[in-house]
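# Observations on chain architecture
Given next are the chains, with one letter for each unit.
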Amino acid sequence: MSESAVAGLLSVAQAMEILDRTPVAPRVVRMALAEVAGLRLAQDLVADRDYPPFKKSLMDGYAVRILDVGAGTAVELSVVGEIPAGASVERTLGLGEAMAIMTGAPLPPGADGVVPVEDVVKLEEGSKVRIAGPVPASRFIAARGSDCRQGTTVLRTGAQLGPAQIAVAASIGAASVKVFAAPRVAVLGTGDELVEVGVDPGESQIRNSNTPMLVALLRRLGCQVRELGTVRDDLELIRSALRRGLEADALFVSGGMSMGTHDHVPRLLSELGVDLRITRLRIKPGKPFVFGVFESSGFGVRGSGKSLEFGVQSLGREVASVPNQDPSLLSPEPRTLNPPLNPCYVFGLPGNPVSAFVCVVRLASRLLARLSGGAVDERWLTGRLEVGLPANGPREFYQPAIRDAPPGGKSAQAGFARITPLQWKGSADLFTLAQANALIVRAENEPPMPRTTVVRVLEI
């Protein structure tokens, strides 16, 4: 494509700026801790007490007084009790005494050391123990509050709740938490040439691969996804499907974005009140990318009673709208049950599957991350080219590639990872994309890159 043919198109950088500057209003819901894996906190979580809340034994053994065992000579102590984990003891440990203690149990008053059971010789059927060597003060003991003090913020707003974070929340008694809800996303396919996966296509037809790909990709990005099916290139059918899709937080439409006779989607979106902010880009693949915002005041589509069903995840929970994710807007109690309607963010994707994939990974994911309560988070890696690349054309080019890093401590370094570009067969070549684990991003009009050049790749 010539320079003149792309002169009026937005660059990828300009498109990203538009997406990043578009205000988003994540929904906030209160959910049981068992249901929040993968979501992001919409509140700070604060320790309700000291952790550990008492002076704790780190070993199975015997609680002792350093005065009795610190001299370094062998000593015999009377065993006056046992403290299992979860128990407490009020008896003060006296001169010449020891208590059997389990890992995680609180030390008795007067004890300031623990001797592991393997370092103790039991005497007189366990009523006495012999300790041969000195015991340093506080050995095998966790002091009260040594992990975390009461009032400490242990997880902050925006933290993604993985296994460790959920364990922390459970530890401080957060049986339910306020989180940013997963964006509710609708996916619509268009095209006369498409048939569903289980149908034998005719000679001029193909199976619909875009919708399954987009559903899987959007779920990987943390969205709740509703499929709207595939509609033919018919104005009224597409219009009706778009109206349903505009009920979601975000709508993804594949196909019908170019300038052909049957490419109706951009015009129909405009007619329905969608503010189209991006229509075509200097990107390869993905030139016919469309982005727009539909405000609830448009043609009354949102809240019209034709609400999409996204399962039961948010049923019966308090919901709040938090414009622009400002943590200061979070009240300590659940917000209103009837928040104002948020915009629907509309993404029009090219019909070719590799183009659609690239546009979601590079562009749409940026807004979805913020709509999920997070921030843009792309994973860039480096490596050395295994083969040279020719000069790039006037569009930013995303070439599928394999990044191969040998095992070992240096595998993440550029000098050890190998980048193998895969042969570019066009934006419909799903089979090559399926082999790739990265995209080489070529700048507009970038000069040739010889073999062994260190390059950055976008992990996919």
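Refer to the preceding data block for the structure.
Below, the structure is looked at part by part. None of the values given here were measured: they were computed from a predicted structure. Sequence order sets the numbering: in each chain, residues are counted from 1 along the sequence as written. In keeping with the predicted nature of the model, local features appear solely for residues at pLDDT of at least 70, side-chain atom pairs appear and are counted solely at 80 or more, and the whole-chain, interface and lining totals rest on all residues. With hydrogens and water set aside, each side-chain value is computed from the structure's full complement of heavy atoms.

### Quick look at unusual backbone geometry
P52 follows Y51 through a cis peptide bond whose omega is -10 degrees. The residue P52 is located in the loop between β3 (45-46) and β4 (56-57) in this model. With an omega of -5 degrees, the peptide bond running from K284 to P285 counts as cis. Counting from the N terminus, the helices are DSSP H or I runs at least four residues long and the strands are E runs at least two residues long. As for its position among the elements, P285 is in the loop between β20 (283-284) and β21 (290-294). A positive phi angle, close to 55 degrees, is found at E125, a residue other than glycine. Along the polypeptide, E125 turns up in the loop between β9 (120-123) and β10 (128-131). Although it is not a glycine, F140 sits at a positive phi angle of roughly 60 degrees. On the secondary structure map, F140 appears in the loop between β10 and β11 (141-142). A simple rule labels every residue: compare its accessible area, found with a 1.4 Å probe on the protein chains alone, to the largest value its type can have, and call it buried under 20%, exposed over 50%, or partly exposed in between. For F140, a relative accessible area of 26% gives the class partly exposed.

### Section: the packing of aromatic side chains
Aromatic rings from Phe, Tyr and Trp, taking only the six-membered ring of Trp, are treated as a pair when their centres fall within 6.5 Å; an angle between ring planes under 30 degrees marks them as stacked, one over 60 as edge-to-face, and anything in between as tilted. Considering all chains together, one arrives at 4 aromatic pairs under this definition. For the pair F289 and F347, a centre-to-centre distance of 6.4 Å together with 40 degrees between the ring planes defines the contact as tilted. With F289 in the loop between β20 and β21 and F347 in strand β23 (residues 344-349), this pair connects stretches of sequence that are 58 residues apart. An angle of 80 degrees between the planes, with centres 5.2 Å apart, marks the rings of F397 and W424 as edge-to-face. Within this pair, whereas F397 is found in strand β25 (residues 396-404), its partner W424 is found in the loop between β26 (418-421) and α9 (430-433), the two being separated by 27 residues in sequence. What makes F397 buried here is its relative accessible area of 8%. Following the ring pairs from residue to residue traces out a cluster consisting of F252, F289, F291 and F347. Any Lys NZ or Arg CZ that is within 6 Å of a ring centre and within 35 degrees of that ring's normal is treated as a charge sitting over the ring. Directly above the ring of F397 sits K284, whose terminal nitrogen or CZ lies 5.2 Å from the centroid. The side chain of R456 reaches across the aromatic face of W380, ending 4.2 Å from its centre.

### What to know about the environment of R282
Mapped onto the elements of the fold, R282 is located in the loop between β19 (275-278) and β20. C-alpha of R282 to C-alpha of V6: the two residues are 276 residues apart in sequence and 6.3 Å apart in space. What qualifies as a polar contact is a pair of N or O atoms within 3.5 Å, subject to a donor-acceptor requirement within protein and to the restriction that residues adjacent in sequence count only when both atoms come from side chains. Separated by 2.6 Å, the side chain of R282 and the backbone oxygen of L9 make a polar contact.

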